[in-house]
Structure formats: C-alpha cells, structure tokens
Amino acid sequence: MLETDIIWQQCLILLKEQFGEQDFNTWFKQLQARYKDNKLQIIANNRLVQDFIRNKYLTQISNILNELTGGVDIELIVAKSSEIKPNTPKPTQVKTNTTPKSHDKDLAENLQQATKLNPNYTFDTLVRGNSNQLAYAIGMHVTQKLGHKNHNPLFIYGGVGLGKTHLMQAIGNEQYKNNPKAKIRYLHANDYIQDVVKASMRQGFDELKKYYNSLDLLLMDDIQFIAGDKTKTQEEFFYTFNTLIDKGKQVIMTCDTYPKNINNLNERLISRFASGLTVEIQPPELEMRVAILKRKAEQNRINLDDEVAFFIAQNIKANVRELEGALNKVIYQAHFSEKGISLAIAKEALMDVFALDSRSISIDDIQKIICDFYKLKISDLLSAKRTQVIARPRQMAMSLSKELTQHSLPAIGNAFGGRDHTTVIHAQKTIHNLRKTDEKIEREYNLLIQMLNT
Ligand code: ADP
Ligand code: MG
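Bear in mind that the values here come from a model prediction, so they are computed numbers and not experimental data.

### Concerning the overall build of the protein
Phase 1: Counting its secondary structure elements, the protein contains 19 helices and eight strands.
Phase 2: For a compact globule of 454 residues, the expected C-alpha radius of gyration is about 22 Å, and the protein comes in at 25 Å, within 12% of that figure.
Phase 3: Principal-axis analysis of the C-alpha atoms places the extent of the protein at approximately 75 × 55 × 45 Å.
Phase 4: Within the protein, buried positions represent 47% of all 454 residues.
Phase 5: Just so you have it, the protein exposes about 23800 Å², and 50% of that area is on carbon and sulfur atoms.

Okay, structure coming up:
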C-alpha cells in the first residue's frame, strides 16, 4: 500500500529527528511496515530488535503514527526469514560520503554486535546523582578490576526504570572499549531461559555450557526471572555462574530486589548472589530528575528551559523511564503544534499523565505520615517547640512537602504553623546535607518517599 509507505517514511523522519542519527541507524532504519488485517504491522528483523523497540520506543512510534493517521492499530512483529529484505545493507555496502570503513572497523562492529550491548548505554550518558552515586562509582571501579573477588558477582538492584540496565551495559561498553576482544555477553534472564529450553530440546547442554563458560564478562539482566522458572534453568545457571567466578571472570546481575528477597530462588543461588558486592539504585530526587531531563534534551539538541524541566520533574517522580516518556510527549506536543517548548505546552502534553496520577500528595498527607512514622502528635509538629525529636521530623516534612507537592515556599511555611518561607528553605538545606552524612536520615527519607508514593 503506497499510503502506508508514505506514512512510514514520515514516521521514520520524525523518529530520526527525535532520537538522533545513532539510534536511528541502530534501531529504526531496519524496520519495515505494511498494512495488513486492518493493522499497521511494523516488522523487525529479529527478536532482539523487536524486544528493544517494544520496551523502549513503541509508545513513541505509536504516538507518531496516531498523529499521522488519526489513529491506527499497531502490531510489532518479527520478520520471517524470507521477508528480511536487504533494507539494511551490510556495513561494507553502505554508501557514504566518508571514506569506506576499514576491515578492522567491520570486525569491531561484528564483535560489538555479538556482545548484544546497546552502544548508547554508557557512563557518559548516565547522569549521576544521590540516588545512583554509589552504584555509579562501584560500576566504574568494577571496570578497572574486572573479576576481582571483592565484587564478583556484582549484584545491582532497584525498582523499574531506575537505570539498572543502563549501568550494567555501561560497564560492558567500557570493557568493550578497553578490550574489544574480550568475550562479553549481555542478556536478559528470559533469553537465558530460552537458551536452556532450546538446549534441552536438542540435548545440547554441552554446547550451552561451553558457550556460557567461555565468557569473560557475563551481564545477566533481571535475574529475578530465573526464579520461579524450572529448576533446570537455575541448575544450569548455578553451574555456569560458579565456573565463571572460579575462573575469575566477572558476572554482573541486575534484579528488582536484593538477593534474600527473591522468591522461589534456590537457596544456593541466593547465597552465591550475595557473596560478592550488592548495590542499590534508588529513585532519583528532584535535582537529579531535572539534571536527567536537561541532559536528554541536550542529547536531542532541544532547548529545555529550567522552568519546564522543573515542572516535568516535579510531576513525574516514579522513575527515569517515565521521565523520558514525559519529555518525549512534551517534545511531540511542541512539534505538532509547531510552537516551541513552553510551560503551557508541557502542561497540555502531560494532562493525561497527571489525570492518571490523580492521587497527588498533599501537605496534609505528608504531615500525617511523618507523625505516624516518628510517633508525634500533629499539634507538636505544628507547634513552636524546637527540641530535636520534633524539629527534625518537622524539617523532614517541610522538605518532603517542597519535593512532592506544587505548593510554594510561603504556602508550605504557612501550613506548618505559620512559619516563614526561609524556615522551609533552611529545612530543605538541612535535610539535603544530612542525607549525605547521616545514613539513618537518608534511609528514613527514602522510606517516607516510598510510603507517600504508594
Ligand atoms: P531499569 O533497568 O532499572 O528498569 P533502565 O536502565 O532501562 O532501567 O533505564 C530506563 C531508561 O532511563 C533508560 O532509557 C535509561 O537510559 C534511562 N536512565 C535511567 N537512569 C538514568 C540516569 N541516571 N541518567 C540518564 N538516563 C537514565
Ligand atoms: Mg532493566
């Protein structure tokens, strides 16, 4: 269908504009589209691309297509091998204005493809802040002493969309840069399960073992998925895991929780997972969310005012993935309304997101939770008393009110027994500083945020 072709070409142009040349060449260029069974089918060459597009870009693609067509059903499928047209020429066949690629460069590209690493997930593109400071530093350290028993395995855990995959791949990419010949492999635990299933069908366990045991660096994402799966997978993994660690080869895993908390995982694996170094990534705080938005805008060569960045960051708190999604929505809205990005455009673009998130947090909620948590009376919290058992929770409550609600400093001061706005600023600063020096405060702060967000 000719019309589909035209729409798809337009969609590709917008994707390129939004995500830049590199992402475009890596992911979008090879996609094909056709109209079939009342659906627009987007065809990926393989499952890896399909998964990646589904997880990372499908919402944006479908937004664009909806805009272009006024609404269409989309299906993302994998091409049958006969359908793969030489749409993506092999690197050696690419006609460019630059000098032809050397054989070495092709080899390097092939090697990189074998690692399954996404070249965009690097330390450079990972914004550092309080919530991932330690994980980031440990990640860098691990790349310098890969396989050292103090951090083998490295176990990175935290909630969804907080940058676990990004950090893990950053380590892989760094290692690849330093030593392209190292045998590095990134994979999702589900892919490992598939490999085990396939091996069991063809009695090919030797081959499976041989491959995994030969790696220099194994990056296994979302390891919680092998829990609950057939014991055979866990058994195979246990074997490979031990072999690699015994040989001093680095194993890195990510997980949605810490090892002891993984349900249905063999005890032997639990204790092995915790035997190296375990590090958590936490949800980013406001400052970091703003920094991430600014960085993403910069990467897309888009001008994002502080005011707009703050507005998005104040309203999207859960994780970085949602933050990226929100920024993309704002970029689209600006693009389609042919205006620049402004606060009004951002509000319009994110209206539906806020509607969904209608359980917004009030100062009242914060005061109640603080009083429950620290076993105080509301009247004490709002009183003039300045003993530390009351003053510290009060500062925490004010600081959280600034972070989690849209109220101005004077309004917050007012809600805390008619205090001045400078008291709120002071509270914010105090908590901010304490969180860096006092582990207990840091833990309490994060716990309170979690309680308020659920
Ligand atoms: P997780 O694996 O924890 O679910 P991801 O690593 O997939 O999260 O991160 C989700 C998205 O957010 C990715 O696009 C990633 O690049 C981005 N991201 C997460 N943390 C950061 C950060 N600190 N700086 C920049 N981008 C980030
Ligand atoms: Mg992940």
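### Regarding the site of ligand 1
Phase 1: Around ligand 1, a shell composed of 20 residues is seen, among which Val 127, Gly 161, Lys 164, Thr 165 and His 166 lie nearest.
Phase 2: Between ligand 1 and Lys 56, the relevant distance is 3.5 Å, taken from an oxygen atom to a side-chain nitrogen or oxygen of the residue.
Phase 3: Gly 163 is positioned with one of its backbone polar atoms (N or O) 3.0 Å from an oxygen atom of ligand 1.
Phase 4: The protein chains hide 96% of the 550 Å² of surface that ligand 1 would expose on its own.
Phase 5: For the shell around ligand 1, the elements supplying multiple residues, two or more each, are helix 5 (164–178), helix 10 (286–299) and helix 12 (320–336).
Phase 6: Classifying every residue of the shell around ligand 1 by side-chain character gives eight nonpolar, seven polar and five charged.

### Remarks on helix 16 (residues 388–404)
Phase 1: Its 17 residues place the ends of helix 16 23 Å apart at the C-alpha level, agreeing with the 24 Å of an ideal helix rising 1.5 Å per residue.
Phase 2: For helix 16, the buried fraction is high: 14 of the 17 residues fall into the buried class.

### Some words on the packing of aromatic side chains
Phase 1: Scanning the entire structure with this criterion turns up 18 aromatic pairs.
Phase 2: With a centroid separation of 5.1 Å and 80 degrees between ring planes, the pair formed by Tyr 192 and Tyr 212 is classed as edge-to-face. Residue Tyr 192 is located in helix 6 (residues 189–201), and its partner Tyr 212 is located in helix 7 (residues 205–213); the two are separated by 20 residues in the primary sequence.
Phase 3: Relative accessible area serves as the criterion here: at 0%, Tyr 192 is assigned to the buried category.
Phase 4: Members of the aromatic cluster, connected to one another through ring pairs, are Phe 155, Tyr 157, Tyr 192, Tyr 211, Tyr 212, Phe 237, Phe 241, Tyr 258 and Phe 273.
Phase 5: In this structure, Arg 268 is placed above the aromatic ring of Phe 238, and the distance from its NZ or CZ to the ring centre is 4.0 Å.
Phase 6: Geometry around Tyr 445 places Arg 435 over its ring, the cationic atom sitting 3.7 Å from the centre.

### Some remarks on the environment of Lys 230
Phase 1: Along the chain, Lys 230 turns up in the loop between strand 6 (217–221) and helix 8 (231–246).
Phase 2: Given the relative accessible area of 55%, Lys 230 is considered exposed.
Phase 3: As a C-alpha pair, Lys 230 and Ile 193 span 37 residues in sequence and 8.9 Å in three-dimensional space.

Rules used in this analysis
- Residues numbered from 1 in each chain as written.
- Chains lettered and ligands numbered in written order.
- Predicted model: local features only at pLDDT ≥ 70, side-chain atom pairs only at ≥ 80, totals over all residues.
- Heavy atoms only, no water.
- Helix = DSSP H or I, 4+ residues; strand = E, 2+ residues; numbered from the N terminus.
- Rg over C-alpha atoms; globule rule 2.2 N^0.38 Å.
- Buried < 20%, exposed > 50% of the residue type's maximum accessible area, 1.4 Å probe, protein only.
- Areas by Shrake-Rupley, 256 points an atom, 1.4 Å probe, with all protein chains shown as cover.
- Near = heavy atom within 4 Å.
- Polar contact = N/O pair within 3.5 Å; in protein donor to acceptor, adjacent residues only side chain to side chain.
- Nonpolar A, V, L, I, M, F, W, Y, C, P; charged D, E, K, R; others polar.
- Expected span 1.5 Å × (residues − 1).
- Phe/Tyr/Trp six-rings, centres within 6.5 Å; stacked < 30°, edge-to-face > 60°.
- Lys NZ or Arg CZ within 6 Å of the ring centre and 35° of its normal.

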